[in-house]
Amino acid sequence: MTTLQDPADRTAAQARWPGRPRHPVLRVLAMAGVFLCALTAFLLGAIYIICKGPSPAARDLFVHTVMETSAAKFTARIFLSEEEVQAILDKNGVLETGEVTQAGGEFETGDAQVPKDTIELHDVTGGSFKGKMLVVHDPSRVRVAAIASFDPEGKGQKLEQLVADAGAVAGINGGGFADENGVGSGSVPLGLVIQQGQLRAGGMDQEYSVIGFDESDHLVVGRMTGRQAVERGLRDALSFGPAFIINGEAAEISGTGGGLNPRTVIGQRADGAVLLLVIDGRQPQSLGATYQDCIQVMQEWGAVNAANLDGGSSTQMIYQGETVNVSASLYGPRNIPTAFVVDAAGEGEA
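Bear in mind the structure is a predicted one, so any value in this text is a computation, not a measurement. (Residues numbered from 1 in each chain as written. Predicted model: local features only at pLDDT ≥ 70, side-chain atom pairs only at ≥ 80, totals over all residues. Heavy atoms only, no water.)

(A) Quick look at the pairing of strand 16 (residues 303-309). In terms of burial, strand 16 is largely enclosed, as six of its seven residues are buried. Note: strand 11 (residues 243-246) against strand 16, two bridges, orientation antiparallel. Opposite Ala 243, over in strand 16, you have Ala 307 as the bridge partner. For strand 14 (residues 263-269) and strand 16, the ladder comprises six bridges, and the chain directions are antiparallel. Looking at the pairing, Ile 266 lines up with Ala 307 of strand 16. (Buried < 20%, exposed > 50% of the residue type's maximum accessible area, 1.4 Å probe, protein only. Helix = DSSP H or I, 4+ residues; strand = E, 2+ residues; numbered from the N terminus. Pairing = 2+ DSSP bridges.)

Below you can see the structure in the form of structure tokens.
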């Protein structure tokens, strides 16, 4: 038997529980607040267990992963001091030797069955990642593309636009750029930029981690000043790092060898073919790759010189007008100042 509640009784009941939301919207907001509080508590608990738990390897991998990002570095410092974070970074990573790619002679003879203008796109997979490898058999087609002006008040361009403006058939993101808290405009490159033999950014006497091609189309990687890069005859170059392989020798890795993140890598085989690698990350189907993973992939593909380019949310590959990887950015492709692009030529694309 159902009885009707007297309005006066209902009013009295509401008065007894004044904090109870009486409007559906308020109830939803209250539930959302509870959920966010619970999620925050869960995440903080998970970070605490990783940072203070029994596994130093898990802690080191977590710290390196977040410290390689622009916006999430603070998470490493929630439960660890600045000194502890720095100590972890110091013992995990790539030990650079100071070597520079030697002046190259003639490239080795490649597969005579493959036309020189061939481009091949392949899938790449590893234990924690998926990615794409673009093999460009003619190294003379690979060059640096950049925005018209490196104005701090200006804005970078999407990789798709850089590739289109260059009349290129493919491209990957290039060097680093000023990106405070992950909200940089992408207009100011870090380090040096050389286009067609002209130094567009960087100083003549300052040393940089340089990645670029000389006039004989050899990929050159290593540390040098702007003056040394120009005198070396680099036609197109930019800055990032670390170097992964120099003169056939892989860099030495310590500890975890970096964190799990999206990666962009460039390399070259002994026959001159250029290897452009992008690895997706920060996704359930592809967590990302460490520096060690990248070195291993480049070695498997025959690289004799290779270096790390800007990664994270900037990692992107364009081929034939389409993005062929999955961006880690929630807001889509980043604005960037530089890229390596592949000039369009011939009918050999595959």
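(B) Quick peek at the sheet that holds strand 18 (residues 322-323). Spatial ordering of the open sheet is given by 4-19-5-17-18, a layout of five strands whose pairing is antiparallel. For this open sheet the edge positions go to strand 4 (142-146) and strand 18, each flanked by a neighbour on one side alone. Sheet topology places strand 5 (residues 168-173) next to strand 19 (residues 338-343); five bridges connect them, and they run antiparallel. Its bridge partner being in strand 19, Asn 173 is matched across the sheet by Ala 339.

(C) Focus on the sheet that holds strand 2 (residues 119-125). Taking strand neighbours across the sheet as the criterion, the seven strands line up as 2-3-15-14-16-11-12 in an open arrangement whose pairing is antiparallel. At either end of the open sheet lies a strand with only one pairing partner, and these are strand 2 and strand 12 (249-250). As paired elements, strand 14 and strand 15 (residues 274-279) share six bridges and run antiparallel to each other. Opposite Arg 263, over in strand 15, you have Ile 279 as the bridge partner.

(D) How the structure looks around the layout of surface pockets. Here the largest pocket is characterised by a volume of approximately 1200 Å³. Around the largest pocket, the lining comprises 44 residues; the ones closest to its centre are Glu 68, Thr 69, Ser 70, Arg 282 and Gly 312. Listing elements by their share of the lining of the largest pocket, those giving two or more residues are helix 3 (56-67), strand 1 (93-95) and strand 16. Sorting elements by how many residues they give to the lining of the largest pocket places helix 3 first, with four residues. Of the residues in the lining of the largest pocket, the class split is 17 nonpolar, 19 polar and eight charged. (1 Å grid on protein atoms, 1.4 Å probe; cavity = no way out; pocket = protein on both sides within 12 Å on 5 of 7 lines; lining within 4 Å. Points joined across faces, edges and corners; volume = space filled by probe spheres on them. Nonpolar A, V, L, I, M, F, W, Y, C, P; charged D, E, K, R; others polar.)

(E) Looking closely at the packing of helix 3 against helix 4 (residues 82-91). Contact pair helix 3 / helix 4: the axes reach a minimum separation of 10 Å and the direction vectors enclose 95 degrees. In terms of their interaxial angle, helix 3 and helix 4 are classed as roughly perpendicular. From helix 3, Arg 59, Asp 60, Val 63, His 64 and Met 67 reach across to helix 4, where they touch Val 85, Ile 88, Leu 89 and Lys 91. Among the residues making up the contact of helix 3 with helix 4, the classes are represented as five nonpolar, one polar and three charged. (Axes fitted to C-alpha atoms, helices over the stretch in contact; angles between N-to-C directions. Parallel < 35°, antiparallel > 145°, perpendicular 65-115°, else oblique. Contact = heavy atoms within 4.5 Å.)

(F) Quick look at helix 7 (residues 291-300). Burial in helix 7 covers these residues: Tyr 291, Asp 293, Cys 294, Ile 295, Val 297 and Met 298. With a side-chain oxygen positioned 3.3 Å from the backbone nitrogen of Gln 292, the residue opening helix 7 is Thr 290. Where helix 7 ends, the next residue or the one after it, Gly 302, has phi of about 90 degrees, a positive value. (Polar contact = N/O pair within 3.5 Å; in protein donor to acceptor, adjacent residues only side chain to side chain.)

(G) Structural view of the pairing of strand 5. The buried fraction of strand 5 amounts to six of the six residues, a majority that puts the element mostly inside the structure. In this structure, strand 5 lies alongside strand 17 (residues 317-319), joined through three bridges in antiparallel fashion. If you follow Ile 172 over to strand 17, its bridge partner there is Met 317.

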